Amino acid sequence: MLSVLVFVTALLIILYKDRKNIKRESVLLLRKTKKGKKLLIKIGTSFPRFWKTVGFISVVTCFFASVWMLYSLILQTQMLLAGKAELGPGILIPSVTQETVIGPGYFAVPFWYWIISIFVLVVVHEGFHGVMAAREKLRIKSLGWGLFFVIPLAFVELDEKRLRKEKPWKQLRIFSAGSFANFITAFVVFVIVVCSVSNLFTPIGIGYKSLIKGYPAEQANLTGIITGIDNYTIKNINDLNHALKQIGPGKKITIYTKTFNKTWRTKTFTLVTVQSPHTNESKGFIGISDVYNFLEIKPENKPYSGVIYFLFGRPGISLGLFDWLFLINLFVGLFNLLPLGPLDGGRMWEIVFKKITPKHFKKIMNTLSALVLLIIVLDFALVLV
């Protein structure tokens, strides 16, 4: 809470001191500048063939992503109507708590994860729009930063009149660039996490996403991370499989688990194994699904635990900065590709429809945008009811 208050205070001081250069447009506060423009132009005009190839990959990727996102949105609506989905769409909002809070129609993300992730999102998104515009020799009028309430914004202002007169492929490369940059950012973050986790963490037990109804674990109301079964120490999935194979079905066992609520607490559960429903009949079965190795920070990394937990979270317990960088860049990039009027996806599909049917493209685009908007509103209504 204190860090958030310091941030907001510092932001207000900056806005006050720079108020002469800040313009208000509706609910937005924008600070235009020429700084950084030369850098974008230099990057975009260097290696033009490379950027053209990247642009082609970007367009193809984003059209596939747009179709997939629309299909997923329709599927989500069907599941919500059938009562088969627990979560629906939600707005990302900042929270002053240290934990992520999920409610009807919103995801409250810890403030610093939220603010940093949004900042990275808009910088790479708008920056790559600028790079691709420079590659296509389109004039960049200005760039800068802004605020939507306390949400940070970055923007690259292009010559829109000239942009609409450009050839379809040039426009498509520019419009697709933002979301494609977000996908690349998500991929880079994913690689960093995959390459780092094994060096930073070690498995200490088995986690699971759900209990299978009618089986021993559900009947015993099993909770927590499994760390032991009888005399067997369970640190990873191999340990669990070995123990259950040795024990077999029809045996009374004691399961030791740990639960985390600020501190670790140990619990014990007694149950009887049953025959495995899978091919190995000699293996005991307790009825847990989607098992995974639960990770804890390695002892040698304990002195840096604060930084590590901030970046990577507590695996199986909470998300870290890299998790949110991945999720926000991926899903906001996908949402931006929906065939909805003002979004980049809408502008891309408008170009396609205009090429196919010059006389009717506006009606087609308006109808499609209205349907997508109606589905989104319906999803929110189903979640809130």
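Structure first, text after, so check above.
Residues numbered from 1 in each chain as written. Predicted model: local features only at pLDDT ≥ 70, side-chain atom pairs only at ≥ 80, totals over all residues. Heavy atoms only, no water.

S.K.: Just to check I follow, could you spell out the overall build of the protein for this structure?
M.R.: The helix and strand tally for the protein stands at twelve helices and 15 strands. When the backbone C-alpha atoms are referred to their principal axes, the protein occupies close to 75 × 50 × 45 Å. Within the protein, the fraction of its 385 residues that count as buried is 41%. Excluding contacts between residues fewer than 6 apart, the proportion of contacts in the protein whose partners are at least 24 apart in sequence is 66%. (Helix = DSSP H or I, 4+ residues; strand = E, 2+ residues; numbered from the N terminus. Buried < 20%, exposed > 50% of the residue type's maximum accessible area, 1.4 Å probe, protein only. Contact = heavy atoms within 4.5 Å.)

S.K.: What is the right way to read the sheet that holds strand 4 (residues 101-103) from this model?
M.R.: Think of a sheet as strands paired side by side through backbone hydrogen bonds, with each pair either parallel or antiparallel. Spatially, the three strands line up as an open sheet ordered 3-5-4, and their pairing is mixed. What marks the edges here is a single partner per strand, and that holds for strand 3 (91-95) and strand 4. On average, each strand axis in the sheet is tilted by 20° relative to the strand beside it, whichever way the strands run. Two elements, strand 4 and strand 5 (residues 106-110), share three bridges in a ladder whose sense is antiparallel. Paired with Ile102 across the bridge in strand 5 is Phe107. Of the strands in this sheet, strand 3 and strand 5 touch helix 4 (residues 111-135), which is tilted by about 100° from strand 5. (Pairing = 2+ DSSP bridges. Axes fitted to C-alpha atoms, helices over the stretch in contact; angles between N-to-C directions.)

S.K.: Even after reading the chapter, I still don't get the packing of aromatic side chains, so can you show me in this structure?
M.R.: All told, the structure shown has 15 aromatic pairs when counted by the stated rule. Their ring planes at 40° and their centres at 6.1 Å tell us that Phe190 and Phe326 sit as a pair that is tilted. Pair noted here: Phe190 is in helix 6 (residues 168-200) and Phe326 is in helix 10 (residues 321-335), with a separation of 136 residues, a long-range link. Judged by relative accessible area, Phe190 falls into the partly exposed class, the value being 45%. Taken together through their ring pairs, the aromatic side chains of Phe7, Phe111, Trp112 and Trp114 make up a single cluster. One cation-aromatic arrangement involves Arg19 over Tyr16; the distance from NZ or CZ to the ring centre is 4.1 Å. Positioned above the aromatic ring of Tyr309 is the side chain of Arg314, whose terminal nitrogen or guanidinium carbon lies 4.0 Å from the ring centre. (Phe/Tyr/Trp six-rings, centres within 6.5 Å; stacked < 30°, edge-to-face > 60°. Lys NZ or Arg CZ within 6 Å of the ring centre and 35° of its normal.)

S.K.: Would you mind showing me how to read the environment of Thr270 here?
M.R.: Position of Thr270 among the secondary structure elements: in strand 12 (residues 263-272). Counting along the chain gives 266 residues from Thr270 to Val4, while the straight-line C-alpha distance between them is 46 Å.

S.K.: Would you mind showing me how to read the layout of surface pockets here?
M.R.: Where empty space is left becomes clear once a probe the size of a water molecule has been rolled over the atoms. In this structure, the second largest pocket occupies an estimated 610 Å³ of space. Surrounding the second largest pocket, 23 residues form its lining, Gln98, Glu99, Pro110, Tyr113 and Ser318 being those nearest its centre. In terms of residue class, the lining of the second largest pocket is made up of twelve nonpolar, eight polar and three charged. (1 Å grid on protein atoms, 1.4 Å probe; cavity = no way out; pocket = protein on both sides within 12 Å on 5 of 7 lines; lining within 4 Å. Points joined across faces, edges and corners; volume = space filled by probe spheres on them. Nonpolar A, V, L, I, M, F, W, Y, C, P; charged D, E, K, R; others polar.)

S.K.: Is there a simple way to think about empty space enclosed by the protein in this case?
M.R.: Summed over the entire model, instances satisfying the criterion amount to one cavity of 30 Å³ or more. The calculated volume of the largest cavity comes to roughly 40 Å³. Surrounding the largest cavity, Trp264, Phe294, Leu295, Glu296, Tyr309, Arg314, Pro315 and Ile317 form its lining. The residue inventory of the lining of the largest cavity, partitioned by class, reads six nonpolar, no polar and two charged.

S.K.: Can you walk me through the packing of helix 3 (residues 48-82) against helix 12 (residues 361-384) in this structure?
M.R.: Angle between the axes and distance between the axes: these two values describe a pair of packed helices. Packing of helix 3 against helix 12 leaves a shortest axis separation of 10 Å and a crossing angle of 35°. Both helix 3 and helix 12 take part in a crossing whose hand is left-handed. Contacts between helix 3 and helix 12 involve Leu70, Leu73, Ile74, Gln76, Thr77, Leu80 and Leu81 from the first element and Val372, Ile375, Ile376, Leu378, Asp379, Leu382 and Val383 from the second. (Left-handed = near helix turned anticlockwise from the far one by under 90°.)

S.K.: What is the right way to read helix 12 from this model?
M.R.: Three- or four-residue spacings in an α-helix give side chains the same orientation, since the helix completes a turn every 3.6 residues. Helix length check: helix 12 (24 residues) gives 35 Å between terminal C-alpha atoms against 34 Å at 1.5 Å per residue, within 8%. Packed against the buried residues of helix 12 are helix 3, helix 10 and helix 11 (344-356). (Expected span 1.5 Å × (residues − 1).)

S.K.: When you look at the pattern of salt bridges in this model, what are you seeing that I'm missing?
M.R.: Counted according to the given criterion, the structure contains nine salt bridges. A salt bridge links Lys32 to Glu157; the shortest N-O distance between them is 3.3 Å. With a gap of 125 residues between them, Lys32 in strand 2 (residues 28-33) and Glu157 in strand 7 (residues 151-158) connect regions that are remote in the sequence. A salt bridge links Glu166 to Lys170, with the nearest nitrogen and oxygen atoms 3.8 Å apart. When its relative accessible area of 26% is taken as the criterion, Lys170 is described as partly exposed. (Salt bridge = Lys/Arg side-chain N within 4 Å of Asp/Glu carboxyl O.)

All we've got here are geometric facts, nothing functional implied.
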